[in-house]
Amino acid sequence: MTKKKTKKISLTNEFVFEIVKTLISILIALGLTFVVIVLLSDNPIELFTKLLTAPVTKVRYFGNVIEMMIPIAFSGLAVSLLFRTGLFNLGIEGIYFIGGVVTAAVACTAIDSYVLHPILSILIPAIVGGLLMLIPGFLKAKFNANELVVSLMLNSIYLGLGLFIIKNYLRGIDTSAIASPAFQETAMLDYIIPNTRITISFFLLLIAVFLVYLLLYKTRLGYSIRMTGTNMKFALYSGMNAFTLFMLVHFISGFLGGIGTSVELLSLYGRFTWIVLPGLGFNGALMAMLGRNNPVGVLISAFFISYLAKGAEVMALGSDVPVEIMAIIQAVLVLLVSSQYFLRKWRERQLLKEGTANELS
Amino acid sequence: MSDTILKLDNITKIYGNGVVANKNVSIDLKKGEIHSIVGENGAGKSTLMKIIFGIENASSGTITYKGKEVHFSNSMEAIHAGIGMVHQHFMLIPSFTVVQSIILGMEPIKHGIFIDMKKALSQTKELAKKYNFDIDVTKKIADLSVGEKQKVEILKTLYRDAEVIILDEPTSVLTPQETVNLFNELRKFKDMGHTIVFISHKLNEVKQISDRITIMRNGESRGTYNNADITIEKMTDLIIDRDLITDYSHLRKDYENVSTVLKVDNLSIERKTRFILKDVSFALKRGEILGVAGVQGNGQAELVRCITGLMEQTHGKILLADNDISKDSIKQRRVKGIAYIPEDRMGDGIAEQASVSDNIISTYYDRKDINSRFFMLNKKIVAEADRLIKKFSIKTQSSKTKIGSLSGGNIQKVVVAREYNTAPSCMIAEQPTHGIDIGSAEFIHTQLIDMRNKGAGILLVSADLSEVMNLSDRIVVFYEGEIVGYFKSVKGVTENELGLYMLGVKRQTPEELGGALND
Ligand SMILES: Nc1ncnc2c1ncn2[C@@H]1O[C@H](COP(=O)(O)OP(=O)(O)OP(=O)(O)O)[C@@H](O)[C@H]1O
Ligand SMILES: [Mg+2]
């Protein structure tokens, strides 16, 4: 008998299963959202359609989606590297803030070059971000200090320090708000697509995703990151150097964070106006979780969440449904995607069917 | 014999990755019997036990317990129904003490709500004493050796006084004396009407303790036999379909350039109150296997950790081919030629979530032939992994399979294959055949001898005395952190005599012991 080799998509494949699981999680989250909309509004169908389709109805809206995606994708990449190494460090939030102040400092300085000024305004915060992340990195590597506690503390410190710098050394005199002076025109990134505010930062992001992917899955450093993340004792036994690794990972993470915050400010802001933590770093942790710490996964999650956020924003305009509906979607998604048990029973039944079928043939 | 207490009917188990681990297995367990289950690595023994214990669900088939069909959906339900299990890969909480682990879920209570720690402590101590298990019950699990953890698992299960007690390879890291004690207790349990399921790769143990024996092969049962009706040879035959080499002496070849590869010079580890290692000196030569015998916890583990760089000694030196490596990092030592098969395979030996190929290169992942300047060469790595999988007959779907889903013995083979593949000049082999089936153990033994013949020095640390006696050229015996016995040749040495040194009854003079360094 000749067996036909069909390469059919099989649920028993771990990878396919994860994707199916994610898709079903999304459907459930959307279903719940729909229920909430029905409860709150008289024309739920119209609103729900708006939620799902609004971002593609106008170039400007879709541009907004990309704009929202970029900073959380950068922080998602940064956080996912830390998570991968087994480090539950949320310090990217603080890096976004202090990195933003550094961006402001460079961008407000007169540098007479449309090439050099943006490069420096991105590169310097990136390097500073990397160096600052070495602090929790060192404390972890040398003293095994709890990285979560340390990073949250540092976030507060960077907030205070940043505000102090803005108020005392970098205060814009042309505004009554607590903010930096306007950035030099030379520092700002140009819009490259009409009707949107998308800048070169979009391409920087794609390059970053590609590089992080290469780093994680193709290089020796990535290999030791993955091994250390799954079993630290094993990595040590194998001869990997935890100290060097922790320092490197923290630096790269902070570097990515620095880029993320600077391109955000240089594309959309024009001056530094944050007076509280922007939340973009914490959002990165969410993207890392949703994207399973995989760089491409992070990118997709960031896009998806931004898409829904824009949809919710448009939908909320002039309707009874508040924009906070986004929070429900996010919470449900994170719960379902990270759940070990969700759909497992169902998968087992599929396996049995397939297994017995294989046995018989 | 009395009636059936637990009956498995046509159990089939297919795992998430499509592996068929059990195929239509039917076994009945009788009240008051000791029922052994034997079979090669990956035959499906642990899987079957996990199904009984409610950790895994059978894909099809039924379990009848005390006349009623049962479906345990987790181990708590099984425990409440009176079933206990000693797991092959321990399920202990690292931050708990031994006492806490043993009484977990069964805590003695005082004043209605408080845990009676005093009582717990005395009960646990008594329990350990009853089994002659020498173990400090106030220690944290994380600080225990594998052998000690094994004992905690056993005590924990026996403390619960279950009607059906499943022991999945409980003796793989016990010393012969500890095994004897355990067996005596098991027989008592049996006489009280308890049912015991015993899994082991050591067929002589199986022969000693069992009433009946079920043999598994490739997920299927090859029949249940009364102990009296089956010989060890027949069992071997059913398990691996061929005979075993029992004597390796004809495989040994003398290595020409005898020189010292590893020298341990007056090594001590001093802690506040006592010495963990005291003035340990010996030399390991190229082309020899030096056996280290001793009851676990007498300093052998620490010695190994000092040599491999996982721990630092307080005094003394370690020389590799005349170079002092005492201050070198783990990596540097490895690069200079040390390989290490660790006793704690799940903790040190592998990353459970990673693939077989990721695990099989971890100690030489930066080697030239599997790397280009910037990148690791995936194709070459897979080819290397596939070659080792074949050579060591590791049972896995592919090199990309998650290693955690392999059977215990197959995981051990990955670890051995990896260390073998570094072509070391000095191999530290700690319980190298821990949990490995008879056929594969023979293979690993011949590989070790082959390495020895080609000029590697092998330090063999094993709780399995017959392994030490079979493989070693010379033997040192450890007791309370010191070398107390040294044998220039294994000829004429009996297990009994070694036992006397291991228990600290006998001790040689310093002149005699000096041979370990100077011979
Ligand atoms: N969680 C799992 N997921 C997928 N496959 C598994 C899992 N656990 C075990 N297997 C597979 O099922 C088969 C039987 O494994 P099992 O652990 O039952 O063997 P075993 O007889 O206990 O072997 P050993 O003597 O090595 O302990 C093996 O091929 C193994 O790879
Ligand atoms: Mg097993």
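The shown structure was predicted, so the numbers you read here are calculated from the model rather than taken from an experiment.

Chemist: Would you explain a nonpolar patch on the surface in this entry?
Modeler: Residues and elements named next belong to chain A. There is a patch of nonpolar side chains on the surface, built from Val115, Ile119, Leu123, Ile127 and Leu131 and spanning about 440 Å² of accessible area. Relative to the assigned elements, Leu123 resides in helix α5 (residues 116-143). What makes Leu123 partly exposed here is its relative accessible area of 40%.

Chemist: I keep staring at the site of ligand 1 and nothing clicks. Help me out?
Modeler: All names here are of chain B. The full set close to ligand 1 counts 20 residues, and Lys45, Ser46, Thr47, Ser407 and Gly409 are the nearest of them. In this structure, Ser405 approaches ligand 1 through a main-chain N or O atom, which is 2.9 Å from a nitrogen atom. Backbone polar atom of Gly408 to an oxygen atom of ligand 1: 3.4 Å apart, as the coordinates give it. Relative to its unbound accessible area of 640 Å², ligand 1 is 90% covered by the protein chains. Of all elements in the fold, only α1 (45-52) and α14 (408-420) reach the threshold of two or more residues within the shell around ligand 1. Per-element tally for the shell around ligand 1: the top contributor is α1, with three residues. Looking at side-chain class alone, the shell around ligand 1 contains five nonpolar, 12 polar and three charged residues. For the shell around ligand 1, the domains that each give at least three residues are domain 1 (4-240) and domain 2 (249-518).

Chemist: Would you mind going over the packing of aromatic side chains with me for this structure?
Modeler: Aromatic ring pairs are described here by two measures, namely the spacing of the ring centres and the angle between the planes. Taken as a whole and assessed by the stated rule, the structure comprises 20 aromatic pairs over all chains. When the centroid spacing of 5.5 Å and the interplanar angle of 70 degrees are considered together, the rings of Phe272 of chain A and Trp274 of chain A count as edge-to-face. There is no split in this pair, since Phe272 of chain A and Trp274 of chain A are both buried. Ring geometry for Phe487 of chain B and Tyr501 of chain B: centres 5.5 Å apart, planes at 80 degrees, overall edge-to-face. Here Phe487 of chain B is found in strand β22 (residues 482-487), whereas its partner Tyr501 of chain B is found in helix α17 (residues 495-502), with 14 residues between them in sequence. Accessibility assignment for this pair places Phe487 of chain B and Tyr501 of chain B in one class, buried. Among the aromatic side chains, those forming a connected cluster through ring pairs are Phe97, Tyr269, Phe272 and Trp274 of chain A. It is Lys278 of chain B that lies over the ring of Phe275 of chain B; its NZ or CZ is 5.4 Å from the centre. The side chain of Arg334 of chain B reaches across the aromatic face of Tyr237 of chain A, ending 4.9 Å from its centre.

Conventions used here
- Residues numbered from 1 in each chain as written.
- Chains lettered and ligands numbered in written order.
- Predicted model: local features only at pLDDT ≥ 70, side-chain atom pairs only at ≥ 80, totals over all residues.
- Heavy atoms only, no water.
- Patch = residues over 30% accessible without salt bridge, like charges linked within 9 Å, V, L, I, M, F, W, Y side chains within 5 Å.
- Areas by Shrake-Rupley, 256 points an atom, 1.4 Å probe, with all protein chains shown as cover.
- Salt bridge = Lys/Arg side-chain N within 4 Å of Asp/Glu carboxyl O.
- Helix = DSSP H or I, 4+ residues; strand = E, 2+ residues; numbered from the N terminus.
- Buried < 20%, exposed > 50% of the residue type's maximum accessible area, 1.4 Å probe, protein only.
- Near = heavy atom within 4 Å.
- Polar contact = N/O pair within 3.5 Å; in protein donor to acceptor, adjacent residues only side chain to side chain.
- Nonpolar A, V, L, I, M, F, W, Y, C, P; charged D, E, K, R; others polar.
- Domains from an automatic or database assignment.
- Phe/Tyr/Trp six-rings, centres within 6.5 Å; stacked < 30°, edge-to-face > 60°.
- Lys NZ or Arg CZ within 6 Å of the ring centre and 35° of its normal.

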